[in-house]
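Structural features, examined
One letter stands for each residue in the lines below.
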Amino acid sequence: VKQKGRDSYSFYTEHLTTNAQRKAEMESELHRAILNNELMLQYQPQFNLNNEELVGMEALVRWNHPVKGMIPPDLFIPLAEESGLINKISEWVCNAACQQVRIWLDKGFRVPRVAVNVSGAELMGGNLLTNFTSAMSTHRIAGSQLEAEITENFMMQDVERAVGLVNELRDLGIVIAVDDFGTGYSSLAYLKTLPIHRLKIDRTFVREIPNNVNDMAITHAIIAMGESLGLEILAEGIETREQQAFLRSKGCSLGQGYLFARPLSAENIEGWLAH
Ligand code: C2E
Ligand code: CA
Ligand code: CA
Ligand code: CA
């Protein structure tokens, strides 16, 4: 028993060490990545589901690693949030999005609103407002060109603080969307008090339409509730015509998903932009 105990203990510590080492390595690489400009943004178009007009784009960060290739955000954003690097990344994202909008405007494109994902860590302790205001002034971008996507859990962590911050963003003309709606714990009572414009229905509810009646019922309920609160509703992760038709029939007028377009590089998305 003693022998076994020691083995599992050493296994445990070894496991911890390698995990911690991997994390530390990634952290320092990520630090370097920000300095070396290895981060990049892709943009996923958002559409009016009724006439399929382009209404916006969501900026999604990627890490273009010199050896490992393209690393998706789910693999490094959580780590960045733990280590505090998220503040640097958020600053980079805000600036890069505004810089890109300026490039498109200078090329003569009509640029729809660009949505930026805001990290909860930023909302609670970061420089959210400064990130937006300084990127906007550096690149001469109006707040009406921008949208902030904030997950509901973070709004709920400290509602009073969230209301204050969201109001300041709104005052700049920035549209406020609640991201991943339906997956967290927001109460309907709070939803009413948050000064938001838009709800984004999480992809997990859209994914199994039309096979999962529960998901269809939930989606329908979110749309009805959002409508009655005067909010715009955008469904994410639309992959089929059936999903689009169902969402439209329930009154959801906005959407994004692989059915229409995947996230694209700034260059490739120019094909979607009008002059
Ligand atoms: P999210 O904000 O919910 O973003 C939507 C994710 O769904 C994106 O993954 C997008 O590529 C993917 N997606 C869009 N349409 C479809 C579809 O039709 N089918 C499927 N299967 N997937 C679809 P991505 O780009 O890997 O981003 C993952 C998450 O990483 C985001 O979830 C967001 O939470 C976070 N993230 C991305 N960019 C940033 C950023 O700049 N800052 C922060 N703080 N977080 C970010
Ligand atoms: Ca998002
Ligand atoms: Ca989402
Ligand atoms: Ca998500």
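What counts, and where the lines are drawn
- Residues numbered from 1 in each chain as written.
- Chains lettered and ligands numbered in written order.
- Predicted model: local features only at pLDDT ≥ 70, side-chain atom pairs only at ≥ 80, totals over all residues.
- Heavy atoms only, no water.
- Helix = DSSP H or I, 4+ residues; strand = E, 2+ residues; numbered from the N terminus.
- Rg over C-alpha atoms; globule rule 2.2 N^0.38 Å.
- Buried < 20%, exposed > 50% of the residue type's maximum accessible area, 1.4 Å probe, protein only.
- Contact = heavy atoms within 4.5 Å.
- Areas by Shrake-Rupley, 256 points an atom, 1.4 Å probe, with all protein chains shown as cover.
- Lys, Arg positive; Asp, Glu negative; His and termini not counted.
- Charge placed at Lys NZ, Arg CZ, Asp CG, Glu CD.
- Donors = N, O, S within 2.8 Å, 3.2 Å for Na, K, Ca; no water.
- Near = heavy atom within 4 Å.
- Polar contact = N/O pair within 3.5 Å; in protein donor to acceptor, adjacent residues only side chain to side chain.
- Nonpolar A, V, L, I, M, F, W, Y, C, P; charged D, E, K, R; others polar.
- Core = buried A, V, L, I, M, F, W, Y, C linked by side-chain atoms within 4.5 Å.
- Expected span 1.5 Å × (residues − 1).
- Arc of directions from axis to C-beta.
- Pairing = 2+ DSSP bridges.

The protein chain is annotated in an unreviewed UniProt entry as cyclic-guanylate-specific phosphodiesterase of Simiduia aestuariiviva.

Scanning the protein chain from N- to C-terminus turns up 12 helices and 10 strands. The globule rule puts the C-alpha radius of gyration for 275 residues at 19 Å, and the 20 Å found for the protein chain is close to it. Taking all 275 residues of the protein chain together, the buried fraction comes to 46%. In the protein chain, the share of contacts with a sequence separation of at least 24, taken over all contacts with a separation of at least 6, comes to 67%. Of the roughly 13,900 Å² of accessible surface on the protein chain, a fraction of 50% belongs to carbon and sulfur atoms. Averaging the positions of the 25 positive and the 34 negative side-chain charges in the protein chain gives two centres separated by 2 Å.

Bringing the coordination of the calcium ion (ligand 2) into the picture now. By definition of the ideal shapes, four donors in a tetrahedron about a metal sit 109.5 degrees apart, and six donors in an octahedron sit 90 or 180 degrees apart. Looking at the metal site, the calcium ion (ligand 2) is ligated by Glu58 (OE), Asn117 (OD1), Glu149 (OE) and Asp179 (OD), spaced 2.1 to 2.3 Å from it. Written as a sequence motif, the donor residues of the calcium ion (ligand 2) are E-x58-N-x31-E-x29-D. In this structure, the calcium ion (ligand 2) lies 3.9 Å away from the calcium ion (ligand 3), the two metals sharing Asp179 as a donor. Taken as a pair, Glu58 in strand 2 (residues 54-65) and Asn117 in strand 4 (residues 113-118) lie far apart in primary sequence, 59 residues in all. Using a relative accessible area of 30% as the deciding quantity, one classes Asn117 as partly exposed.

Quick look at the site of ligand 1 now. As a matter of local geometry, ligand 1 sits amid 21 residues, with Gln44, Arg62, Asp179, Glu239 and Tyr258 nearest to it. In the model, a nitrogen atom of ligand 1 is placed 3.0 Å from a nitrogen or oxygen of the Gln44 side chain. Here a nitrogen atom of ligand 1 and a backbone polar atom of Val61 are 3.1 Å apart. Its free accessible area being 810 Å², ligand 1 has 85% of it covered by the protein chains. Considering only residue class, the shell around ligand 1 consists of eight nonpolar, five polar and eight charged.

Once that is clear, we can look at the nonpolar core. Ranked by size, the top nonpolar core spans 74 residues in total, and within it Phe132, Met155 and Leu199 carry the most contacts. The biggest single contributor to this core is helix 3 (residues 86-106), with 10 residues. Sequence-distant contacts of Met155, defined by excluding residues within four places in its chain, comprise Leu123, Ile150, Ala162, Val166, Ile176, Val178, Leu194 and Ile196.

A few words on helix 3. When the terminal C-alpha atoms of helix 3 are compared, their 30 Å separation across 21 residues agrees well with the 30 Å that a helix rising 1.5 Å per residue should span. Once helix 3 finishes, Gly108 follows within two positions and takes phi at roughly 90°, a positive value.

Compared with the 18 Å implied by 1.5 Å per residue over 13 residues, the 18 Å span of helix 7 (residues 159-171) between its first and last C-alpha is a close match. The set of residues buried in helix 7 consists of Val159, Ala162, Leu165, Val166 and Leu169. Along the axis of helix 7, the buried positions cluster into a sector of 130°, meaning they face one direction only. Turned more than 90 degrees away from the buried face of helix 7 sit Glu160 and Asp171, all of them exposed. Next to the buried residues of helix 7 lie helix 4 (120-125), helix 5 (128-138), strand 5 (146-151), helix 6 (152-157), strand 6 (175-181) and helix 8 (188-193). At the exit of helix 7 stands Gly173, carrying a positive phi of roughly 95°.

So, on to the coordination of the calcium ion (ligand 3). Here the calcium ion (ligand 3) is held by the protein donor atoms Asp179 (OD), Asp180 (OD), Glu236 (OE) and Glu236 (OE), which lie 2.3 to 2.5 Å from it. When the donor residues of the calcium ion (ligand 3) are listed from N- to C-terminus, their spacing reads D-D-x55-E.

So, on to the pairing of strand 8 (residues 232-235). Pairing of strand 7 (residues 198-201) with strand 8 involves four bridges; the strand directions are parallel. Each bridged residue has a counterpart across the sheet, and for Arg198 the counterpart in strand 8 is Glu232. Two strands pair when backbone bridges link them, and strand 8 and strand 9 (residues 254-255) are joined in this way by two bridges, in the parallel orientation. In the strand pairing of strand 9, Ala235 is matched with Gly255.

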